[in-house]
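Commentary on secondary and tertiary structure
Below, each chain spelled out in residue letters.
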Amino acid sequence: MSDALSLSMLTAPSEARAIPSAAANMRAQAPITQTIPKIPSRLPPGTVLPPAQPTLPRTTPERMLVARERIRTAAEAGQRIRSYEVALDLDLSEFHFARQFRAAFGRSPHVYYDEVRATKARELLQDGMSEGDVARRIGFRRPAELRSLLAKR
């Protein structure tokens, strides 16, 4: 031990009597109810609240309907979506989500995503758009990817 440490150990008990205890110090503070500002029972006029977060559906069939709608919307808009993103939004693991989706709709989330894209591509081709434009619209880089999708589905 160093000399400074041993000297502080000798003087510490006598100083401890001079310092008030923690309990005595807490009695001197104001009660907690006086330090917290009161929350008004009514909001002032013109106050805009932030939008409420959407709540998760409670039942598995409801969650699968939400998932199917999200996948369909992304596929029709030409956005790439991953099944783990949808699973996280529904507070499920990726593999449990895939099993539940297949049980509910008879196909995997990826197959459903490709089917929606193929349907949208066929509609756009019937409307007279070129293969290149349709491919870019549904999220492909090349028309060959579109032809491959249409051959599979």
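The text that follows walks through the structure, step by step, so that each part is easy to find. The structure presented is a predicted model; accordingly, all values stated were derived computationally and were not measured.

What to know about the overall build of the chain
When helices and strands are counted, the chain shows 9 helices and 0 strands. For the chain, the α and β elements follow one another from N to C terminus as α-α-α-α-α-α-α-α-α. The buried share of the chain, reckoned over its 153 residues, is 21%. Long-range contacts, defined here as pairs at least 24 residues apart, represent 50% of the contacts in the chain between residues at least 6 apart. By element, 56% of the accessible surface of the chain is carried by carbon and sulfur atoms, the whole surface being about 11,700 Å².

Quick look at the nonpolar core
Proteins that are soluble and globular tend to have nonpolar side chains buried together. Met64, Ala67, Ile71, Val86, Leu90, Phe97 and Phe101 are the most contacted members of the largest nonpolar core, which totals 16 residues. Looking at this core, the elements that each hand over two or more residues are α4 (60–77), α5 (83–89), α6 (94–105) and α7 (109–126). Among the elements that make up this core, the one with the highest residue count is α4 (5 residues). With near-sequence residues (within four places) excluded, isoleucine 71 lies in contact with Val86, Phe97, Phe101, Pro109, Tyr112 and Tyr113. Counting 9 residues, the second largest nonpolar core, distinct from the first, contains Ala121, Val134, Phe140 and Leu146.

Points about the packing of α4 against α7
Where α4 contacts α7, the two axes come as close as 9 Å, and the packing angle between them is 40 degrees. Considered as vectors, α4 and α7 are oriented oblique to each other. When you trace α4 past α7, the crossing you get is right-handed. Here Arg68, Ile71, Arg72, Ala75 and Glu76 of α4 lie close against α7, whose contacting residues are Pro109, Tyr112, Tyr113, Val116, Arg117 and Lys120. A breakdown of the residues in the contact of α4 with α7 according to their chemical character gives 6 nonpolar, no polar and 5 charged.

A word on the pattern of salt bridges
Oppositely charged side chains are able to pair whenever their charged atoms sit close together. As enumerated under the stated definition, the model contains 8 salt bridges in all. With a closest N to O distance of 4.0 Å, aspartate 114 and arginine 117 form a salt bridge. Of the two residues, aspartate 114 and arginine 117 both sit in helix α7, 3 residues apart, roughly one turn of that helix. No difference in accessibility class separates aspartate 114 from arginine 117, as the two residues are buried.

Rules of the game
- Residues numbered from 1 in each chain as written.
- Predicted model: local features only at pLDDT ≥ 70, side-chain atom pairs only at ≥ 80, totals over all residues.
- Heavy atoms only, no water.
- Helix = DSSP H or I, 4+ residues; strand = E, 2+ residues; numbered from the N terminus.
- Buried < 20%, exposed > 50% of the residue type's maximum accessible area, 1.4 Å probe, protein only.
- Contact = heavy atoms within 4.5 Å.
- Areas by Shrake-Rupley, 256 points an atom, 1.4 Å probe, with all protein chains shown as cover.
- Core = buried A, V, L, I, M, F, W, Y, C linked by side-chain atoms within 4.5 Å.
- Axes fitted to C-alpha atoms, helices over the stretch in contact; angles between N-to-C directions.
- Parallel < 35°, antiparallel > 145°, perpendicular 65-115°, else oblique.
- Left-handed = near helix turned anticlockwise from the far one by under 90°.
- Nonpolar A, V, L, I, M, F, W, Y, C, P; charged D, E, K, R; others polar.
- Salt bridge = Lys/Arg side-chain N within 4 Å of Asp/Glu carboxyl O.

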